[in-house]
Amino acid sequence: MQVVLACTGAAGLALAGQAMAQIRPASPNGDVLEHRVSTGDTLEQLAARYLGDHTRWTALQSHNHVQNPLRLRPGSVLEIPTRLLRAAAASVEFVQGDVRSTRSLNHLADTEAAASPATANQPVQKGQLLQEGDSLKVPANGFVSVRLADGSLVRVQSESDVQLRQMRRKGRAGSLQSVLDLREGGVEASVTKQAQTERRFEIRTPAASTSVRGTQFLVLTDAQGQTAAAVDEGSVAVQSGQPSTLLKPGQGVAVSADGKLGKTTKMLPAPDITFWPALAEDANWVSLPLPTMSGAVRYQVQLAEQKDSKQDLNQIVRGGMFQQSPARLTGVADGDYLVSIRAIDANGIPGARSTHHLRVKATPVPPLYESPEPDAVIGLGQRGLECTKVNQASAYRIQVIPADGNFAQPAVDANLLQDCSLPAQALAQLPVGDYLWRVASIRTLANGKLDPGPFAPAQRMKLAEAPRSPELKLDGATGEGSRNIRWAGEEGHRYHIVVAQDAGFAQPVVDTWLSEPQWTTQDLAPGHYYLQMQVEDRNGLRSNFTPARQFQTGNWVTTGDGQTLSSGDGIRLMRQ
């Protein structure tokens, strides 16, 4: 007999399967298993079968008001309260962010669950055991993967609130009975395939109920109570009140906040992301252009760590829903990742998933450009290239190519520079014309190996013949130095500049927002300074602050044509 393992009266999602006992919610006492009595059944036998302990038959007798435990009427129905089944535990396989757990006092009334002390709002840790009644609250950019006792994996997504409502075993080591309450957010489940026919896996939401056996599916519910479910593998029965529908692979359904079950819909196809980059080098964020798909109103993008050869999404570290391109994920450390994207339709139903391998290598961050300014005309032999220092860096690399050239064959490739500058003499032998130059930082790791970072976006300049410089006179007039610092920017971005004389930025001397990708130091008093920057895009999303860059400003000793003089060891001369 085929039954739908779903509950009525409570919202949630449910699976169809073969079962000897049908599960339904009892009144205030919780869910029960319904067993139809066969000839020869006794309460002692049923206690051993369902509760794993034949001596607990008296609990079944009391609940069902049975007069003679040895004489059960064939065809009658006995209730086995699920609270009497043996408790099972789950374990935290991965956690990202400040995920918190609390434990329900109602569930602690059970003798097995009460073996652990009650906890309230404690941080979730990898390897932690979870019990029936535990709730998980996941913040933005937080994620947690929970492994159930039968091997099923539940991936709770960011901004979610989930309770492990029921985790019980039928018999001493029998099939697992699992119910999750998804109050808000999203859950993706990979349910192990088992031969046992009475295993139960159910997710309830405020609008519907789903149960499954051996499948992979996704459930989303929003703050307004609407639920959407989609199936990647297997089949899922979705129930809201009396109506129900069976979802097959590639199908989804939406349930309104008032419990109205929508029509079964074909999931949107997997997005085409063949144009996505294989390497991300921006320390501010990972930026991924969104595809254009008919029927898609937004996209779910997730980033999972890939520390070995496994091709899964069990260790998600960043993610979000995006309506406008590009999708930007902040605070991503260097490493190898698997990126997932699904299109979401107007009913909130997620589509099929596409995945993409991405390597992030954004540190050490590249310096910022100081001199020359973009598209500047430089007299040959008169000016060199200047850029900021980076605290992480032990050396720098500067490359120069003709504007129509390729950085694979640079005209100048100055590596392991101790200072982020290239003297004018290094450019003096180049022909006049248009050029591009770029700079990167290099750090020294603990094992002594050099670790180069990404190059900053190339900047254009023009080399031209210059008139002969007049004789230098150190006792002549000196110019008061000022510097412009520039970086690559985008239209519509704002830039938060913070400057301090200490690397910890305890007392900033400058804290301002700019609309253009440049800033001048001319109003600063002479001295050494540290600079850090934050970027805000059109959506108001702010990046993390960059690592500090170091620079100095003051009254430089200059030539008559405004060029800065340096000592023999390369230190700029400052007027006392």
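Residues numbered from 1 in each chain as written. Predicted model: local features only at pLDDT ≥ 70, side-chain atom pairs only at ≥ 80, totals over all residues. Heavy atoms only, no water.

**Q** Describe the state of the cysteines, and please don't skip the residues or the numbers.
**A** Where two cysteines share a covalent bond between their sulfur atoms, that bond is called a disulfide. Scanning the model with the defined rule gives one disulfide in all. A disulfide bridge connects Cys387 with Cys420, and the sulfur atoms are separated by 1.9 Å. Of note, the bridge from Cys387 to Cys420 carries an S-S torsion of about -100° and is left-handed in sense. One end of the pair, Cys387, is in strand 33 (residues 385-387); the other, Cys420, is in the loop between strand 36 (412-417) and strand 37 (421-422), with 33 residues separating them in the sequence. (Disulfide = S-S within 2.5 Å. Helix = DSSP H or I, 4+ residues; strand = E, 2+ residues; numbered from the N terminus.)

**Q** An account of the nonpolar core is requested, with residue identities and associated values reported.
**A** Counting residues in each nonpolar core, the largest one holds 36 residues, and the members touching the most others are Val144, Leu148, Phe201, Ile203, Phe217 and Val238. Considering each element in turn, this core owes the most residues, five residues, to strand 15 (residues 176-190). Ranked by size, the runner-up nonpolar core spans 24 residues in total, among them Tyr396, Leu422, Met461 and Leu463. (Core = buried A, V, L, I, M, F, W, Y, C linked by side-chain atoms within 4.5 Å. Buried < 20%, exposed > 50% of the residue type's maximum accessible area, 1.4 Å probe, protein only.)

**Q** Before we move on, can you summarise the confidence of the model for the protein with the specific residues and values?
**A** Taken as a whole, the protein shows an average pLDDT of 82; of its residues, 82% reach a score of 70 or greater. Per-residue pLDDT stays below 50 along residues 108-116; that stretch engages in 13 contacts with residues further than four places along the chain or on separate chains. For the stretch residues 468-481, pLDDT sits under 50, and the model shows 20 contacts to residues farther than four places along the chain or on other chains. (pLDDT = per-residue confidence, 0-100. Contact = heavy atoms within 4.5 Å.)

**Q** So what about unusual backbone geometry? Which residues, and what values?
**A** Cis peptide bonds are those with omega within 30 degrees of zero, and the linkage from Thr363 to Pro364 qualifies with -5°. In this fold, Pro364 is placed in the loop between strand 30 (350-360) and strand 31 (369-371). In this structure, Pro372 follows Ser371 across a cis peptide bond, with omega equal to 5°. Residue placement: Pro372 occurs in the loop between strand 31 and strand 32 (376-379). Unusually for a residue other than glycine, His65 sits at a positive phi of about 55°. Here His65 is to be found in the loop between helix 2 (57-64) and strand 5 (77-81). At Asp375, a residue that is not glycine, the phi angle is positive and equals roughly 65°.

**Q** Quick rundown of the packing of aromatic side chains? Include the residues and the values.
**A** As enumerated under the stated definition, the model contains five aromatic pairs in all. Ring plane angle 85° and centroid distance 6.4 Å describe the contact between Phe201 and Phe217, whose orientation is recorded as edge-to-face. Highlighted residues: Phe201 in strand 16 (residues 200-204) and Phe217 in strand 18 (residues 216-221), separated in sequence by 16 residues. Residue class for Phe201 comes out buried when judged on its relative accessible area of 1%. Its relative accessible area of 1% is what places Phe217 among the buried residues. Where Trp487 meets Tyr495, the ring centres are 5.5 Å apart and the plane angle is 75°; that geometry is what we call edge-to-face. For Trp487, a relative accessible area of 8% puts it in the buried group. Aromatic ring contacts, followed pair by pair, group Trp519, Tyr529 and Phe551 into a single cluster. Geometry around Phe455 places Arg438 over its ring, the cationic atom sitting 3.7 Å from the centre. (Phe/Tyr/Trp six-rings, centres within 6.5 Å; stacked < 30°, edge-to-face > 60°. Lys NZ or Arg CZ within 6 Å of the ring centre and 35° of its normal.)

**Q** Now, about the pattern of salt bridges: what can you tell me, with residues and values included?
**A** Scanning the model with the defined rule gives 19 salt bridges in all. Note that Asp98 and Arg100 form a salt bridge whose closest N and O atoms lie 3.0 Å from each other. You can call Arg100 partly exposed: its relative accessible area is 27%. The partner of Arg204 in a salt bridge is Glu202, and the shortest N-O contact between them spans 2.7 Å. Its relative accessible area of 3% is what places Arg204 among the buried residues. Among the residues examined, Glu202 registers a relative accessible area of 0% and is labelled buried. (Salt bridge = Lys/Arg side-chain N within 4 Å of Asp/Glu carboxyl O.)

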